Amino acid sequence: MTEWRDATAFFLTPGADDDEQWLRGLSSRIDLRSEGLIFDEHSSMLNCEWAGLDCRAQLINGPAGKTLVISYFARDFREHVAAGSERWRDFCRLFARACLELDPAVAVALGTISDDVLSDVRDFDSLVAEGDAAGLQDRWHALLYLSPALAQPAELSPAAAPLARLLPNGGRISWDWRYDDFPE
């Protein structure tokens, strides 16, 4: 049976020395709850809960550093988060807070359904490593965060221009989803 999944990925430049300890530390940083849940050392995967969704969190290596991937069932995301505007706003706020806390070069909530989430995340790797803000912006996403270094020189496409929010750190979040506004 295929597990259709969706994911949020944070492309981090500094790596973690101890994957399990670092992932468990996210509870206090980005509200990723893992108390009492099992860490699978073979896959460096931690079962957890984030945004009210049962998730799996893991760190994978990429060309620009480590990537935190939080995957969840697409059906649960669509039914419990994206189906209601207030829940979607809560997810957007959580995503923005996580971006400010983790300080990734790029973060993306995919907003797609896949049977190979890690391949979907790796499709972004070269664009992140190259700092290709325009290329990242053109990829399908529910939410996309660009760090201040990428957000400043990036030219917004006319279609995306009204759908962007600057964060206090100078980073920018854009969205390509069914809601046309981002919560304050």
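These numbers come from a predicted model, not from an experiment. (Residues numbered from 1 in each chain as written. Predicted model: local features only at pLDDT ≥ 70, side-chain atom pairs only at ≥ 80, totals over all residues. Heavy atoms only, no water.)

**Q** Could you clarify how one ought to interpret the overall build of the protein chain in this entry?
**A** When helices and strands are tallied, the protein chain shows eight helices and nine strands. Residues classed as buried in the protein chain amount to 48% of the 184 residues present. Expressed as a percentage of contacts within the protein chain between residues at least 6 apart in sequence, the contacts between residues at least 24 apart total 60%. Carbon together with sulfur atoms contributes 48% to the accessible area of the protein chain, which is approximately 8900 Å² in total. (Helix = DSSP H or I, 4+ residues; strand = E, 2+ residues; numbered from the N terminus. Buried < 20%, exposed > 50% of the residue type's maximum accessible area, 1.4 Å probe, protein only. Contact = heavy atoms within 4.5 Å. Areas by Shrake-Rupley, 256 points an atom, 1.4 Å probe, with all protein chains shown as cover.)

**Q** Is there a simple way to explain the nonpolar core in this structure?
**A** Core analysis: the biggest nonpolar cluster contains 37 residues, and Phe10, Trp50, Leu68 and Ile70 have the highest contact counts within it. In terms of residues, this core owes the most to one element, helix H4 (residues 85-102), which gives nine residues. Leaving out residues up to four positions away in the same chain, leucine 68 has contacts with Thr8, Ala9, Phe10, Leu12, Trp22, Leu23, Leu26, Ile30, Ala57, Gln58, Leu59 and Leu102. (Core = buried A, V, L, I, M, F, W, Y, C linked by side-chain atoms within 4.5 Å.)

**Q** Quick question: what am I supposed to make of unusual backbone geometry here?
**A** A positive phi angle, close to 65 degrees, is found at aspartate 31, a residue other than glycine. In this structure, aspartate 31 sits in the loop between helix H2 (26-30) and strand S2 (39-40). Even without glycine at this site, aspartate 103 takes up a positive phi of about 55 degrees. Structurally, the position occupied by aspartate 103 is in the loop between H4 and strand S6 (106-109).

**Q** I keep staring at the packing of helix H3 (residues 74-81) against H4 and nothing clicks. Help me out?
**A** The relative placement of two packed helices is expressed as an angle between their axes plus a distance between the axes. As a packed pair, H3 and H4 sit with axes 8 Å apart at the nearest point and diverge in direction by 115 degrees. Two secondary-structure elements touch here, H3 through Phe77, Glu79, His80 and Val81 and H4 through Arg87, Trp88 and Phe91. Residues belonging to the contact of H3 with H4 are distributed by class as follows: four nonpolar, one polar and two charged. (Axes fitted to C-alpha atoms, helices over the stretch in contact; angles between N-to-C directions. Nonpolar A, V, L, I, M, F, W, Y, C, P; charged D, E, K, R; others polar.)

**Q** It is not clear to me how the sheet that holds strand S7 (residues 143-146) should be interpreted in this structure. Could you clarify?
**A** Sheet strands associate in pairs through backbone hydrogen bonding, adopting either a parallel or an antiparallel arrangement. The antiparallel open sheet is built from nine strands, whose spatial order is S2-S3-S4-S5-S1-S6-S7-S9-S8. With partners counted over all chains shown, the strands left at the sheet margins are S2 and strand S8 (164-166), one partner each. Both strand S1 (residues 5-11) and S6 contribute to a ladder of four bridges, which runs antiparallel. Residue pairing for S6: alanine 9 is matched across the bridge by valine 108. Strand contacts of H3: S1, strand S4 (53-62) and strand S5 (65-73), with the helix running at about 70 degrees to S5, the strand carrying the most contacts. (Pairing = 2+ DSSP bridges.)

**Q** Any chance you could explain the state of the cysteines here in plain terms?
**A** Formally, a disulfide is one covalent bond, and it connects the sulfur atom of one cysteine to the sulfur atom of another. Counting across every chain of the model gives zero disulfides. With no disulfide partner, cysteine 48 has as its closest neighbouring cysteine sulfur the one in cysteine 55, 5.0 Å distant. (Disulfide = S-S within 2.5 Å.)

**Q** Help me understand H4 in this model?
**A** The α-helix winds at 3.6 residues per turn, so residues separated by three or four positions along the chain end up facing the same way. Its 18 residues give H4 an end-to-end C-alpha distance of 25 Å, which sits within 8% of 26 Å, the value for a rise of 1.5 Å per residue. Once H4 finishes, aspartate 103 follows within two positions and takes phi at roughly 55 degrees, a positive value. (Expected span 1.5 Å × (residues − 1).)

**Q** Please clarify how the pairing of strand S3 (residues 45-50) should be interpreted in this entry.
**A** Regular strands have side chains that alternate between both faces of the sheet. Strand direction decides the pairing type here: S2 and S3, joined by two bridges, are antiparallel. What sits directly across from phenylalanine 39, in S3, is leucine 46. The antiparallel hairpin formed by S2 and S3 contains four residues in its connecting segment, where serine 44 sits at a positive phi of about 50 degrees. The pairing of S3 with S4 spans six bridges and is classified as antiparallel.

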